[in-house]
Amino acid sequence: MSGSIQNLNTFDPFADAIKGADDDVQDGLVHIRIQQRNGRKTLTTVQGLSADYDLKKIVRACKKEFACNGTVIEHPEYGEVLQLQGDQRENICQWLTKTGLAKPDQLKVHGF
């Protein structure tokens, strides 16, 4: 029984982000991704928001607005990334444009 097992490769959900010269902003876009956890559980990550914003306050507002939990994680390559529980892609897009934190043409949604 010879053959390599393929499904044990680690998957980096941020692999499609363009690496720019500037560390905190790759291409001026806000990337919204979804990551599969276990079972039906998912995580929504928001990367690329301007460093001028207080991300902890943004997370607090999102948690209140979408009734989900969330946190700010420090990614080694992409700086601070927002993490929200569940599939919040649509909600976060509408909320970011409504609050004026990002324009609709700046948002890039990835996943499924």
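Further up the page is the structure itself.
The rules behind each value
- Residues numbered from 1 in each chain as written.
- Predicted model: local features only at pLDDT ≥ 70, side-chain atom pairs only at ≥ 80, totals over all residues.
- Heavy atoms only, no water.
- Pairing = 2+ DSSP bridges.
- Helix = DSSP H or I, 4+ residues; strand = E, 2+ residues; numbered from the N terminus.
- Axes fitted to C-alpha atoms, helices over the stretch in contact; angles between N-to-C directions.
- Core = buried A, V, L, I, M, F, W, Y, C linked by side-chain atoms within 4.5 Å.
- Buried < 20%, exposed > 50% of the residue type's maximum accessible area, 1.4 Å probe, protein only.
- Contact = heavy atoms within 4.5 Å.
- Expected span 1.5 Å × (residues − 1).

Here we take up the sheet that holds strand β5 (residues 107–109). Read from one edge of the open sheet, 5 strands run β3-β4-β2-β1-β5, paired in mixed fashion. Because the sheet does not close on itself, it has two edges, and the strands there are β3 (70–75) and β5. Here the average twist between neighbouring strands, direction ignored, is 25 degrees. Inspection of the sheet shows strand β1 (residues 30–36) paired to strand β2 (residues 42–47) by 6 bridges, in the antiparallel sense. By the bridge assignment for β2, Arg-33 is matched with Thr-45.

This paragraph deals with the nonpolar core. Ranked by size, the top nonpolar core spans 19 residues in total, and within it Val-30, Ile-32, Leu-49, Ile-58, Ile-92, Trp-95 and Leu-96 carry the most contacts. Of all the secondary-structure elements, those providing two or more residues to this core are β1, α1 (55–66), β4 (79–85) and α2 (89–99). Residue contributions to this core peak at 5 residues, all from α1. Not counting chain neighbours up to four residues away, the residues in contact with Ile-92 comprise Ile-32, Val-46, Cys-62, Phe-66 and Leu-84.

Let's shift gears to α2. Burial in α2 covers these residues: Arg-89, Ile-92, Cys-93, Trp-95 and Leu-96. Buried residues along α2 sit against β1, β2, α1, β4 and β5. Downstream of α2 by one or two residues, Gly-100 has phi in the positive range, about 85 degrees.

Moving on: α1. The first and last C-alpha atoms of α1 sit 16 Å apart over 12 residues, in line with the 16 Å expected at 1.5 Å per residue. Looking at the buried residues of α1, the elements they touch are β3, β4 and α2. One or two residues past the end of α1 sits Ala-67, with phi positive at roughly 55 degrees.

Our next topic: the pairing of β4. Where β2 lies against β4, 4 bridges are found, and the strand directions are antiparallel. Within β4, the position partnered with Val-46 by the bridge is Leu-82. Pairing between β3 and β4: 6 bridges, direction antiparallel. For Gly-70, the partnering residue across the bridge sits in β4 and is Leu-84.

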